[in-house]
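# Geometric and topological summary
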Amino acid sequence: MSAEAPFTCAFETLSPQERYKLLCAAIVPRPIALVTCVSADGVVNAAPYSFFNVFSETPALIVLGLQHRGGPAEGGYRPKDTTRNISESGVFVINLVDEALAEAMNLTAIDFPPHVSEIEAAGLSLSPGVSIPVPHIAEAPVAFECRKTVSLTFAPQRELLIGEVVRIHARPGLVDPKTLRFDLEAYKPVGRLFGNSYARQSDRFDLTRETYAEWAAARGLAP
Ligand SMILES: Cc1cc2nc3c(=O)[nH]c(=O)nc-3n(C[C@H](O)[C@H](O)[C@H](O)COP(=O)(O)O)c2cc1C
């Protein structure tokens, strides 16, 4: 790799694959939503999505980037099972992925036909939903029950889904019920890097955020 000049290019000159490469390698690690949802005929579906994050707490909004299958050469785009199920039912669960769940999560990404449950194929089990009729993955350290708020279409191959979290489930020992603090040592979440690479969160460091007055005082400046 050359260190001679900074790399820059305009995104309009790039192909979709090239944009994907640059965005997904630079914006890391991304959390992984292992989404469970239920089809119209009652099959529970699970699939991982790393175009995912939280965007606000009031309302408690999360966003998923759902890419469609197919393309112009294949007679058009077809929504993935997750996209179709959520658009029909309006409800879904975001299961977070820890080190113990990573391999099973990867199995759920196989493009199983709609009548095959990824849950069984990956050897996972389900716990019933409480606020919505969608089960969460019993092995997941944390699960958020969500209702679809809105879905936005910016291009024929992709949908941006915004959902509101209505309930959390967390494994015993993960959240202190009094302080609502998470025990990160017990949590062990994994993040997606790019391609088949993932990251553990075992190398953390703290930065204390100062007020302006503290910052100025530390430098002998007038506040
Ligand atoms: C770690 C990981 C992250 C993924 N993130 C996304 C994503 O953000 N958007 C997407 O459309 N597909 C993503 N995929 C691919 C889907 O999981 C895959 O297409 C899956 O088969 C979709 O299943 P479904 O048809 O049951 O929804 C990801 C796969 C993996 C392994």
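Let me sum up the structure you'll find in this document.

What counts, and at which threshold
Residues numbered from 1 in each chain as written. Predicted model: local features only at pLDDT ≥ 70, side-chain atom pairs only at ≥ 80, totals over all residues. Buried ≥ 20, exposed ≤ 12 C-beta atoms within 10 Å, placed from the backbone. Helix = DSSP H or I, 4+ residues; strand = E, 2+ residues; numbered from the N terminus. Pairing = 2+ DSSP bridges.

With 6 of 6 residues buried, strand β2 (residues 33-38) is to be regarded as a mostly interior element. Alternating positions in β2 separate into two faces, Ala33, Val35 and Cys37 on one and Leu34, Thr36 and Val38 on the other, with burial throughout. Where β2 and strand β3 (residues 44-49) come together, 6 bridges link them in antiparallel fashion. Residue pairing for β3: Ala33 is matched across the bridge by Tyr49. Once β2 ends, the chain turns through 5 residues before running back antiparallel as β3, passing Gly42 with a positive phi of about 90°. In terms of strand pairing, β2 meets strand β8 (residues 91-96) through 4 bridges, oriented antiparallel. Within β8, the position partnered with Val35 by the bridge is Ile94.

This next bit is on the sheet that holds strand β1 (residues 30-31). Pairing within the open sheet is antiparallel, and its 3 strands lie in the order β1-β13-β14. The outermost strands of the open sheet, each flanked by one partner alone, are β1 and β14 (198-200). In terms of strand pairing, β1 meets strand β13 (residues 190-192) through 2 bridges, oriented antiparallel. Bridge pairing in β13 places Pro31 opposite Gly191.

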